[in-house]
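What the coordinates show
In case you want the letters, here they are:
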Amino acid sequence: MVKKEVKSVILAAGKGTRMKSKLPKVLHKVCGKPMLRHVIDAARGVGSTRELVVIGSGAELVRQEITDVEFVLQSEQLGTGHAVLCTRDALKNVDGTVMILCGDTPLFTAETLSKLVDEHKRAEVKATVLTAIMPDATGYGRIIRAEDGSFEKIVEHKDASEDEKKIREVNSGIYCFDLKTLFAALDKVNNDNSQGEYYLTDVLSIIRSSGEKINAVIADDFSETLGINSRQQLAVAEKILRRRKNEQLMADGVTLMDPGSTFIDADVEIGRDTVIYPFTWIEGATKIGSDCVLGPNSRIQNMQIGDRVTMQFVYGHDCEVGDDVTVGPYVHIRPGTKIGAKVKIGNFVEVKNSNIGTGSKLPHLQYIGDCDMGSNVNLGCGTVTCNYDGKKKYRTVIGNNVFVGCNTNLVAPVEVEDGAYIGAGSTITKTVPKNNLAIARARQQNFADWHDKRKG
């Protein structure tokens, strides 16, 4: 796909009252990112060189979430035509083509928008509307075409005759315009309607009445044009985008054992010959290497995972895992953790803000927090780094080739140097020197003929 230089105006000022949310509608996430971000990414995929987002309701929240576009404030919501008119000052010295997009239509692909721009430029017209053939067109504005098939007008559903209501080609609300023509026509739009608003659709009739031809391009897949106005529609869009993502990954060489129960966000990257088991969530900016086996029942968020990694029944987020690592079952890998190559992490282990060296083993029942661990360390069952004294967190440093016996507490700040051994049941509070054996237990005492008074 050849990219085209166009500008984009994205309408995102609406309240979205049907969502029943304190969050602006366009910030509700679909397939792991705000629906507005999907629209921006699709525009840039076409070659948009500038994106102006018209905001109103919840403007500050939108500004906080989306930081790489230009914003135009529509302080009073007076319709789609008024929203576009708010961008006049920002675009006053600009010529060429502008796409008008909606911030609540996250299903559009760059390919479809590219088709729209191509057809607009090929036809050398002042305006092009993207349309769709709907299975059920109820509620949509109908596209009325002349006998020669050219665009004639848009008739809103409530104003359509019975014959017009049988038409299934509808207005998607997405357009291409020549900028100067657009703003000249907007100056002629009035709000003489039941809503008292300035409609962008009126621009089309104004341009046509001036003798200019208007193009109408039909989207290949009507589902791309679906807007989001409710939680129910949000769920429909979620299902469509996740299906697309799964199909793309499988086409690229990833095995999904059951795509219907595998949930992968839009920006996730996965290498070839990785196998994903059911009921696995892979979210955010996660990148996974090749030949991995992940799941079942795992949740992976913003992780960097190397090649040939096996993870099952794992919750990992904001951390890194090297090559040839085995994790699980029932493991929590918390933010700030970096796990080196060939590490083995067994069942019921939690690792937080720690560096685990190459070839080390954390087999089972451990909490390792704020720890810098060397290579080839073997931790016995029940090892705990005691990193918090009630006020501050402290680090534990473990050297290379260290063996820690079962049920050992390492009370930070503390260091265990290379080659040291720690006897089972120890509570270590001081440095263990290189190649030393440390045992820290109270002396055992046995009391003969002791009687438990509770038993009478």
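Definitions and cut-offs
Residues numbered from 1 in each chain as written. Predicted model: local features only at pLDDT ≥ 70, side-chain atom pairs only at ≥ 80, totals over all residues. Heavy atoms only, no water. Disulfide = S-S within 2.5 Å. Buried < 20%, exposed > 50% of the residue type's maximum accessible area, 1.4 Å probe, protein only. Helix = DSSP H or I, 4+ residues; strand = E, 2+ residues; numbered from the N terminus. Salt bridge = Lys/Arg side-chain N within 4 Å of Asp/Glu carboxyl O. Pairing = 2+ DSSP bridges. Contact = heavy atoms within 4.5 Å. 1 Å grid on protein atoms, 1.4 Å probe; cavity = no way out; pocket = protein on both sides within 12 Å on 5 of 7 lines; lining within 4 Å. Points joined across faces, edges and corners; volume = space filled by probe spheres on them. Nonpolar A, V, L, I, M, F, W, Y, C, P; charged D, E, K, R; others polar. Axes fitted to C-alpha atoms, helices over the stretch in contact; angles between N-to-C directions. Parallel < 35°, antiparallel > 145°, perpendicular 65-115°, else oblique. Left-handed = near helix turned anticlockwise from the far one by under 90°.

Thoughts on the state of the cysteines
A covalent bond between the sulfur atoms of two cysteines is referred to as a disulfide. The full count for this structure, using the stated rule, is 0 disulfides. Looking at the unpaired C176, the closest cysteine sulfur is the one in C102, lying at 13 Å. C371 carries a free sulfur, and the closest cysteine sulfur to it, the one in C386, is 12 Å from it.

A few points about helix α6 (residues 179–186)
When you tally the buried positions in α6, you get 6 out of 8 residues, the bulk of the element. What α6 keeps buried is the set L179, T181, L182, F183, A185 and L186.

A word on the pattern of salt bridges
Under the defined criterion, the tally for this structure stands at 25 salt bridges. A single network of salt bridges, built from pairs that share partners, joins K33, R37, D41, R44, E51, D68 and D267.

Some points on the pairing of strand β6 (residues 97–102)
Extensive coverage of β6 is indicated by the burial of 6 of its 6 residues. On β6, burial covers both faces: T97, M99 and L101 on one face and V98, I100 and C102 on the other are all buried. As paired elements, strand β1 (residues 6–12) and β6 share 5 bridges and run parallel to each other. Paired with I10 across the two strands is L101, which belongs to β6. Relative to strand β10 (residues 169–178), β6 runs antiparallel, the two being bridged by 4 bridges.

Side note on the environment of K361
Residue position: K361 is located in strand β29 (residues 361–369). K361 sits 127 residues away from L234 along the chain, and the two C-alpha atoms are 44 Å apart. For K361, the residues in contact, after removing those within four places along its chain, are K344, V377, N378 and L379.

Quick notes on empty space enclosed by the protein
Any empty space left between atoms is shown by rolling a water-sized probe over those atoms. What the rule picks out here adds up to 1 cavity of 30 Å³ or more. The volume enclosed by the largest cavity comes to roughly 40 Å³. Lining the largest cavity, in full, are H38, V39, A42, L101, T105, P106, F108 and L113. Among the elements that take part in the lining of the largest cavity, helix α1 (residues 35–46) stands out by supplying 3 residues, more than any other. Across the lining of the largest cavity, the residue classes tally to 6 nonpolar, 2 polar and no charged.

Section: the layout of surface pockets
Roughly 410 Å³ of volume is contained in the second largest pocket. Forming the walls of the second largest pocket are 17 residues, and the residues nearest its centre are H38, T109, L241, R244 and A266. Residue assignment for the lining of the second largest pocket shows that the elements contributing at least two residues are α1, α4 (110–123) and α8 (231–251). Residues of the lining of the second largest pocket, tallied by class, amount to 7 nonpolar, 4 polar and 6 charged.

Things to note about the packing of α1 against α4
Orientation of α1 relative to α4, taken along the N-to-C sense of each, is 50 degrees, at an axis distance of 8 Å. Classed by the angle they form, the pair α1 and α4 counts as oblique. Crossing angle aside, the handedness with which α1 passes α4 is right-handed. In this structure, α1 uses A42, A43, G45 and V46 to contact α4, whose residues at the interface are A110, L113, S114 and V117. For the contact of α1 with α4, a count of residues per class yields 6 nonpolar, 2 polar and no charged.

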